[in-house]
Amino acid sequence: MTLSFRPEILWSDALLFLLLAALAVFAWQVGRHEHLREPWRRVGRSRMGMGAAVLLAAYALVGILDSLHFRPALPAEPGQPVHYAAEVHSVLDTLVGPLRTQVEETYSAPLALHLYAKETMELPDGRQVRDFPRLKFGGAHLAGVEARAGDIAGHIGMGLLAGGVASALALGLALVFVGLGAGPQGPSGSPGHLGITGAWSALSRSSSLAGLRAGLIVLCLLLLLAAAVIQLAPHYHILGTDKVGQDVFYLSLKSVRTGLLIGTLTTLIMLPLALFLGVAAGYYGGRADDAIQYLYTTLNSIPGVLLIASAVLVAQVYIETHPELFDTAAARSDLRLVFLCLILGMTSWTGLARLLRGETLKLREMDYIQAARAFGISHLRILGRHILPNVAHLVLIAVVIDFSGLVLAEAVLSYVGVGVDPVTASWGNMINGARLELAREPIVWWQLAAAFVFMFALVLPANLFADSVREAFDPRAGGQA
Amino acid sequence: MAMNGGLSVRGLRVAIHHEGGDRAMRPVDGVDFEVAPGECVVLLGESGCGKSLTALALMRLLPDGLELAGGQARLGDTDLFALPEQDMRRVRGGRLAMIFQEPMLSLNPVLTVGQQIGEALEAHRHPTAEQAAAETSRLLQAVGLEDRHGTSYPFQLSGGQRQRALIATMLAGEPELLIADEPTTALDVTVQAQILRLLKQLRSERGMGLLLITHDLDVARDMADRVVVMYAGQVVEVASREALYARPFHPYTRKLFSVLPSAHQRHERLEHIPGSVPPLGTVFTGCRFAERCALAWERCHAEAPDSQTLDDGHVARCHLVSAPRPENAAGAGYPPETGRKTAEAEQVAAELLEVTDLAVHFPIRKGLLRRTVGQVKAVDGVSLSLKRGETLALVGESGCGKTTLAKAVLRLIEPTSGSVRLEGTTLDRLDGNALRVARASMQIVFQDPFASLNPRMRVGEILEEGLRSLRPELHRGHRADVVAGLLEKVGLGRDAALRYPHAFSGGQRQRIAIARALAVEPRLLICDEPTSALDVSVQAQILSLLQDLQAGQGLGYLFITHNLPVVGYLAHRVAVMYRGRIVEEGVAQDLMGRPLHPYTNLLLDSAPGRGLPEVAAAPAGRPEAGVGCSFAARCPMAVAECAQAAPDTSTLAGGRRVACHRVVPE
């Protein structure tokens, strides 16, 4: 029995799974400790926070699906060893199937039936005309442009119907959740047996459920949108196609993973550096402090872009001179992505380290640290049990705020040409590709617009979420000591 | 009271703005009082009673989330709460001024004192430039500062000078009423006495009313014409100072007096007020003090008393005014604890701690290569000894090196020279494991109960930490038993182990801190101002706890404090510290009754509650490196010799040791 595919774990996938594992451990820790749970409950009650969290979760889902890589088996003779394709696919690729394979000649506008550029075509009678040819896939089932509007409306209608059903399901689940008293208690009635009307009135009115309510509304809207897109996407290029005819919607989806990876993996690399160096500088002081301060002051005074550009170039040269190390193209571009995360991490730890150093300087003089020292507890234990838990909220806030900055940084770097590999789908590359076409008449706007909308819909919720996290962890905003 | 000028407050209520609005939280709930021109009224109460909020409400400066929920305040014939904000701004700092507890936070650090006074003048009196300069100089003189201080920035001034500068800016508007919110709590006793004298003098010179907010009964005794006692957002008693201090009526006031430690109560158990001030949001049905009142009976729990006037002008909010306590009421009245002797620990002759010539010098480094260019002598040759079961009080102003000395004894700071012997073992050369073992016999309790417990650890984990480190042989179950035993010993339940520190009040946290120190069974406990952050009623509880522990386990206490009544009550011996040296040491009663060193004299005279006698001593200046006696610059008895050589410590009869040229052994 042989598998029809072979799982392929790229470097970035491995790191992403590591990050997910770390997140799971963190969540478990939070669940165990009352003082950690409380601020997260506050996030859960915040309307803005929960709405943003649902959107972020949708992005994360796309990103994770796109990180489950495999190589499909090639059709083989019986008895022969199975060969696997050189191309690496992800679960997402399989799910969106036709989007990946339906490649046109070149540009086409969103929902168009014809190519964007005129071509010379030979008519059946041998005459040659110059006109916009029909697309091979986009709306190919239609007789002509006249039928398009009705067809699109039909698909959207179907989609909204399906989305409505899914939303109703989600709502029902939430009602059961509230009704069983698993959620925060309603204003009236004994916990556990609210009944369906009681649950409904609690869900629609109770102020403690405001966060859940907002999350549900965003989820329903998202489901409606997703269902409509699912109906429409196989038949049209809903966001048009790019220069080589690839579906822009597909590229945008693939870019989600790149954006998320840059935002999170960089953090994974930066955190240990910032934590270790910042806390060590603050706690030990003296020479260690001097050395670490010297290090980050120096690092900070080198222009970041310069450092990144040179490091990426080095990586590029290395990759090109060692082709034998990579058995697929995906592995090659993936390494460059990881390297970009690495170098971004190396340049961005200084801010957080400085913050942690300051906080540790303050904590070090706290009486409870002195008391621990009077017990003869070792420095490492003091760092682990007393200092780290007390700077954790700072780390969390910094990480969440940094995330959106890093996503945007990727776009800028790729635009400048020192970002991810040009074959990796990323918003930066999309913008870079669109740059040259902006001067065309009529303008090719959809690539830029798609990258903008997708990035905006990630960064805005990330910022809003960061805001509500900061608010929940801010001791002054909490109201109670 | 006929009011022309002066402040009159009626039914003042402050509510916490609450979204639901179904549960009204009123930190100030119906406060009435008057301040006549030229009168000093003291608002007295423990923390959380609504004193400061009352003041802020009068200034209409309530913080966000709090709002005025009713009442009336008239300053002269102006209704303060009816004024539009624009007019109120002119009243604020003009007719009605307020000074705060922390002078460093109330002065703008980037403006000179003169500029800040000028700003206040500009806002209220619109003077010309010359007038402003003259007035600034006059104000500086009025608060006892010199003209040159006008060009100083706040950081260049000492704490007392800052508070004076703040008072000067507040006087700029020629206020009819000055509100002072704990103006001296952050200051040393000697400076406190100066500031209080200044306030008293300004009040009589200018005929302005003074509303002084304090928790300190002794300060109130020195300052007040009338005292308004607050409890849980209400006024419970109003009386003239003489009447109040002679015959306090309300059970709360009486309790406040009885929990104050003093030298007279030595060897007597301090009374307790059980519990603590009720938290915000408590729903009261009866009297707000009933839960803690030893005289409460059924009526107190069922019916809230009104303010009623007694024969001698006393106003009290208590049912006892109108009716005597029923004979058959449940409850035993005052507990029989009063006057009970405390058990004395058996003092064995064995020396517990011996400190010889201990010095801690901090190098001042400068330049690129961090060369040492000088030294701050935080502790400069201190010798002390302490027996088992004995309490040695270490007193002195802030910055004199008390805490540094304590940390050096514990080796939390490496001493520069000198030696520390604990039970015959010299600690100086110990390190690693041996030091860890030695540390099990000495522990420390800190001043601030909020900073001394890690907020991220459960109480049980906090208590176990020392056990794990210093008694690793205990296994888990045994450790849990020890923790439970400790919690019971300090008067908390076993279930406290599972909770986080934020669930406890200040006094309870201090108990936890004591339990943590006791976990490793030390013989020496260093208490660094363990009660200065606590209310008086809670202070009494902690002091009693410490006494019980000493009696039970023969603990030796090195008790660092600036609170002289506590010293008189608790300490067997006293060491007075000034600028890193012990200037006088002796048996507590002897030293407090007959101080020999002029600095001890100054400290004792400055203590509040003695009517603020004029003390002949210069205010503390910046420390300067010199050869002579470090106190010479402030000393009223200094002679030429004092400036030339530092005095040696001479031992007098009765074990008294004094370092002063003017004290000669007989």
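Rules used throughout
Residues numbered from 1 in each chain as written. Chains lettered and ligands numbered in written order. Predicted model: local features only at pLDDT ≥ 70, side-chain atom pairs only at ≥ 80, totals over all residues. Heavy atoms only, no water. Helix = DSSP H or I, 4+ residues; strand = E, 2+ residues; numbered from the N terminus. Buried < 20%, exposed > 50% of the residue type's maximum accessible area, 1.4 Å probe, protein only. Contact = heavy atoms within 4.5 Å. Areas by Shrake-Rupley, 256 points an atom, 1.4 Å probe, with all protein chains shown as cover. Phe/Tyr/Trp six-rings, centres within 6.5 Å; stacked < 30°, edge-to-face > 60°. Lys NZ or Arg CZ within 6 Å of the ring centre and 35° of its normal. Pairing = 2+ DSSP bridges. Salt bridge = Lys/Arg side-chain N within 4 Å of Asp/Glu carboxyl O. Core = buried A, V, L, I, M, F, W, Y, C linked by side-chain atoms within 4.5 Å. Expected span 1.5 Å × (residues − 1). Bend = angle between axes of the 7 residues up to and from the residue. pLDDT = per-residue confidence, 0-100. Buried area = accessible area lost by both parts, 1.4 Å probe. Axes fitted to C-alpha atoms, helices over the stretch in contact; angles between N-to-C directions. Left-handed = near helix turned anticlockwise from the far one by under 90°. Nonpolar A, V, L, I, M, F, W, Y, C, P; charged D, E, K, R; others polar. Polar contact = N/O pair within 3.5 Å; in protein donor to acceptor, adjacent residues only side chain to side chain.

Student: Give a detailed account of the overall build of chain A, specifying residues and quantitative values.
Tutor: A tally of helices and strands in chain A yields 17 helices and five strands. Dimensions of chain A, computed from the C-alpha atoms along their principal axes, are close to 100 × 65 × 55 Å. When the 481 residues of chain A are sorted by exposure, 46% land in the buried category. Summarising the internal contacts of chain A: among those between residues at least 6 apart in sequence, 71% fall at separations of at least 24. Entry remark: accessible area of chain A is about 24,000 Å², with carbon and sulfur atoms responsible for 69%.

Student: Talk me through the packing of aromatic side chains; I want residue IDs and the actual numbers.
Tutor: Scanning the entire structure with this criterion turns up 17 aromatic pairs over all chains. The interplanar angle of 85 degrees and the centroid separation of 5.1 Å between the aromatic rings of Tyr231 of chain B and Phe289 of chain B together place this pair among those described as edge-to-face. Pair noted here: Tyr231 of chain B is in strand β9 (residues 226–231) and Phe289 of chain B is in the loop between α10 (251–259) and α11 (298–302), with a separation of 58 residues, a long-range link. One exposure class covers both Tyr231 of chain B and Phe289 of chain B, and it is buried. These aromatic residues form a ring-pair network of at least three members: Tyr107, Tyr116, Trp445 and Trp446 of chain A. The ring centre of Trp28 of chain A lies 5.0 Å from the NZ or CZ of Arg32 of chain A, which sits over that ring. Directly above the ring of Phe504 of chain B sits Arg499 of chain B, whose terminal nitrogen or CZ lies 4.8 Å from the centroid.

Student: Could you give me a rundown of the sheet that holds strand β2 (residues 28–35) of chain B, with the residues and numbers involved?
Tutor: Residue and element names in this part refer to chain B. Read across the open sheet, the four strands follow the order β2-β1-β4-β5; overall the sheet is antiparallel. On the outer flanks of this sheet lie β2 and β5 (78–79), each paired with one strand and no other. Here strand β1 (residues 7–16) runs beside β2; their pairing, made up of six bridges, is antiparallel. Its bridge partner being in β2, Arg13 is matched across the sheet by Asp29.

Student: With reference to specific residues and values, describe the pattern of salt bridges.
Tutor: This structure, assessed with the given rule, holds 47 salt bridges over all chains. Asp225 of chain B is the salt-bridge partner of Arg203 of chain B, the closest N and O atoms lying 2.7 Å from each other. Placement of Arg203 of chain B in helix α7 (residues 189–206) and of Asp225 of chain B in the loop between α8 (217–223) and β9 is noted, with a sequence separation of 22 residues between them. Among the residues examined, Arg203 of chain B registers a relative accessible area of 11% and is labelled buried. In this structure, Glu242 of chain B and Arg241 of chain B form a salt bridge, with 3.3 Å as the shortest nitrogen-oxygen distance. Residues participating in the shared-partner salt-bridge network are Glu38, Arg41, Arg42 and Arg45 of chain A.

Student: How would you summarise the side chain of Thr169 of chain B if you had to cite specific residues and measurements?
Tutor: Within the secondary structure, Thr169 of chain B is located in helix α6 (residues 159–171). Sequence-distant contacts of Thr169 of chain B, that is, excluding residues within four places in its chain, are made with Gln116, Ile117 and Ala120 of chain B.

Student: Please provide a residue-by-residue account of the nonpolar core, values included.
Tutor: Of all hydrophobic cores here, the largest spans 148 residues; its most connected members are Phe33, Ile179 and Met223 of chain B. If you look at the next biggest cluster of nonpolar residues, it comprises 49 residues, including Leu99, Leu253, Ile397 and Trp446 of chain A.

Student: Account for the environment of His267 of chain B, naming residues and giving values.
Tutor: Residue and element names in this part refer to chain B. Relative to the helices and strands, His267 is located in the loop between α10 and α11. His267 sits in the partly exposed class, given a relative accessible area of 30%. As a C-alpha pair, His267 and Arg509 span 242 residues in sequence and 26 Å in three-dimensional space.

Student: So what about helix α12 (residues 329–364) of chain A? Which residues, and what values?
Tutor: The first and last C-alpha atoms of α12 of chain A sit 50 Å apart over 36 residues, in line with the 52 Å expected at 1.5 Å per residue. Helix geometry: α12 of chain A is bent most strongly at Ser348 of chain A, by close to 35 degrees.

Student: Provide a residue-level description of the confidence of the model for chain B, including the pertinent values.
Tutor: Residue and element names in this part refer to chain B. Scored by pLDDT, chain B comes out at a mean of 83, with 93% of its residues at no less than 70. At the low end of the mean pLDDT range in chain B sits helix α3 (residues 103–106), at 76; at the high end sits strand β3 (residues 40–44), at 93. Within the model, pLDDT remains below 50 along residues 334–339, and this stretch shows 14 contacts once partners closer than five positions in the same chain are excluded. With a pTM of 0.77, the predicted complex shows an ipTM of 0.75.

Student: Any details on the interface of chain B and chain A? Residues and values, ideally.
Tutor: Taken together, the contact between chain B and chain A spans 28 residues of the former and 23 residues of the latter. A buried area of about 2,300 Å², summed over both sides, lies between chain B and chain A, and 52% of it is on carbon and sulfur atoms. A per-residue breakdown of the area chain B buries against chain A is headed by Leu412, Arg456 and Glu465 of chain B, which together make up 27% of the total. Of the charged contacts, one joins Glu465 of chain B and Arg385 of chain A as a salt bridge, the two residues approaching to 3.9 Å between their closest N and O atoms.

Student: Give a description of the packing of helix α3 (residues 47–65) of chain A against helix α8 (residues 210–232) of chain A that names residues and reports values.
Tutor: Residue and element names in this part refer to chain A. Running from N to C, α3 and α8 cross one another at 35 degrees; their axes reach a closest spacing of 7 Å. Regarding α3 and α8, the two cross each other, and that crossing is right-handed. Residue-level inspection shows Arg47, Met50, Gly51, Val54, Leu55 and Ala58 of α3 in contact with α8, the latter providing Ala210, Gly211, Leu212, Ala214, Gly215, Val218, Leu219 and Leu222. Taken together, the residues of the contact of α3 with α8 sort by class into 10 nonpolar, three polar and one charged.

Student: Can you tell me about the environment of His89 of chain A, naming the residues and giving the values?
Tutor: All names here are of chain A. As for its position among the elements, His89 is in strand β3 (residues 89–90). Remark: the alpha-carbon pair of His89 and Ser67, spanning 22 residues in sequence, is separated by 9.3 Å. Sequence-distant contacts of His89, defined by excluding residues within four places in its chain, comprise Leu68, His69, Phe70, Pro72 and Arg100.

Student: Give a description of the sheet that holds strand β17 (residues 425–426) of chain B that names residues and reports values.
Tutor: Residue and element names in this part refer to chain B. The four strands lie next to each other as β14-β13-β16-β17, forming an open sheet whose pairing is antiparallel. With one partner strand each, in any of the chains shown, β14 (371–387) and β17 form the two edges of the open sheet. One ladder, built from five bridges, connects strand β13 (residues 351–366) with strand β16 (residues 417–422); its direction is antiparallel. What sits directly across from Glu354, in β16, is Arg421. On the sheet, helix α12 (residues 402–409) packs against β13, β14 and β16 and is oriented at approximately 115 degrees with respect to β13.

Student: I'd like a rundown of the side chain of Thr328 of chain A, residues and numbers included.
Tutor: Residues and elements named next belong to chain A. With respect to the helices and strands, Thr328 occurs in the loop between α11 (304–321) and α12. Among the polar contacts made by the side chain of Thr328, one reaches the main-chain amide nitrogen of Ala331 at a distance of 3.1 Å. Aside from chain neighbours lying at most four places away, what touches Thr328 is Arg71, Ala86 and Val88.

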